[in-house]
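# Report on the structure
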Amino acid sequence: HFQFVLKNKQKAMHALLDGLARAGAVRITGEQAAPTATSMVVVVTYWLSFEYVKDPRHALEPERAGAALLRGAFHVLSLLMPYLEPQSREHLFRLAGNYQS
């Protein structure tokens, strides 16, 4: 079932990038979108494993799990930065600031 979940995540990320491109928020080609979508899926899927490996005794404790999730969200969003239009990039920097705490 995990392969099914990954396939659906991949479709969702492609749809997100397509929607952002149609809205004029990003300039990304199909050739750029495919690896970006895959990178976003990898980060979304495995971020907590990465956090756990970095600090196995504390990373996923209730008092730290929220911050770990925020860091993961920031890294997923940062994958969009090179493709964003200037106004969208500024907006994302403001939003991403909330995820760096």
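In case you missed it, the structure is sitting above this.
Residues numbered from 1 in each chain as written. Predicted model: local features only at pLDDT ≥ 70, side-chain atom pairs only at ≥ 80, totals over all residues. Heavy atoms only, no water.

We now examine helix α2 (residues 30-54). The α-helix advances 3.6 residues per turn, and as a result positions three or four apart in sequence lie on the same side. End to end, α2 covers 34 Å across 25 residues, agreeing with the expected 36 Å (1.5 Å per residue, within 8%). Of all the bends in α2, the greatest, near 55 degrees, is centred on Y46. Of the residues making up α2, those classed as buried are A33, T36, A37, M40, V41, V43, T45, W47 and E51. For α2, the elements touching its buried residues are α1 (2-22) and α3 (62-78). (Helix = DSSP H or I, 4+ residues; strand = E, 2+ residues; numbered from the N terminus. Expected span 1.5 Å × (residues − 1). Bend = angle between axes of the 7 residues up to and from the residue. Buried < 20%, exposed > 50% of the residue type's maximum accessible area, 1.4 Å probe, protein only. Contact = heavy atoms within 4.5 Å.)

Time to look at the packing of aromatic side chains. Applying the stated criterion across every chain, the model contains one aromatic pair. Plain terms: the ring middles of W47 and F50 are 5.0 Å apart, the flat faces sit at 45 degrees to each other, and that makes the pair tilted. Of this pair, W47 and F50 both sit in helix α2, separated by three residues, roughly a single helical turn. Relative accessible area serves as the criterion here: at 13%, W47 is assigned to the buried category. For F50, a relative accessible area of 41% translates into the label partly exposed. (Phe/Tyr/Trp six-rings, centres within 6.5 Å; stacked < 30°, edge-to-face > 60°.)

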